[in-house]
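The lines below spell out each chain.
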Amino acid sequence: AGVLAGMRAPPAPAEMAAIFERHYRMTLDFYGGVPGLRHARKHVGWTLDRFGGDISPERRKTIMTSHDPEAVIATMHDILLNPAAIASSLNEAA
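Residues numbered from 1 in each chain as written. Predicted model: local features only at pLDDT ≥ 70, side-chain atom pairs only at ≥ 80, totals over all residues. Heavy atoms only, no water.

S.K.: Could you give an account of helix α2 (residues 33–51), with specific residues and numbers?
M.R.: Here α2 spans 26 Å end to end across 19 residues, near enough to the 27 Å set by a 1.5 Å rise per residue. Those residues of α2 lying buried are G36, L37, A40, V44, G45, T47, L48, R50 and F51. (Helix = DSSP H or I, 4+ residues; strand = E, 2+ residues; numbered from the N terminus. Expected span 1.5 Å × (residues − 1). Buried < 20%, exposed > 50% of the residue type's maximum accessible area, 1.4 Å probe, protein only.)

As structure tokens, this is what we get:
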């Protein structure tokens, strides 16, 4: 909230990727199996909406329908470690 209000600098891309991974893994651990994937997908979608930059619909669908948590994490790291995507997302929100 502080970032969006301009009261706090946005986190570095590596921090964003680490936050995403930690939250994703914790969601899978808490809910387990298929329910965990369903719950985690909501957050993946929100993260892509906010910080995904201009990913293609096909790439988004691949991420959102994956049953492989490690593939999701690796792909999300690729996206979140792109500082231009995060910067453009934050500029759009301002």
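Past the structure itself, the notes keep going.
S.K.: Go over the packing of aromatic side chains with me, naming the residues and quoting the values.
M.R.: As enumerated under the stated definition, the model contains 2 aromatic pairs in all. On the basis of an interplanar angle of 25 degrees and a centroid distance of 5.5 Å, the ring pair of F20 and Y24 is categorised as stacked. Here Y24 and F20 lie together in helix α1 (residues 13–31), a separation of 4 residues that amounts to about one turn. Using a relative accessible area of 4% as the deciding quantity, one classes Y24 as buried. Plain terms: the ring middles of F30 and Y31 are 4.9 Å apart, the flat faces sit at 85 degrees to each other, and that makes the pair edge-to-face. Looking at R50, its charged tip hangs above the ring of F51, at a distance of 5.2 Å from the centre. (Phe/Tyr/Trp six-rings, centres within 6.5 Å; stacked < 30°, edge-to-face > 60°. Lys NZ or Arg CZ within 6 Å of the ring centre and 35° of its normal.)

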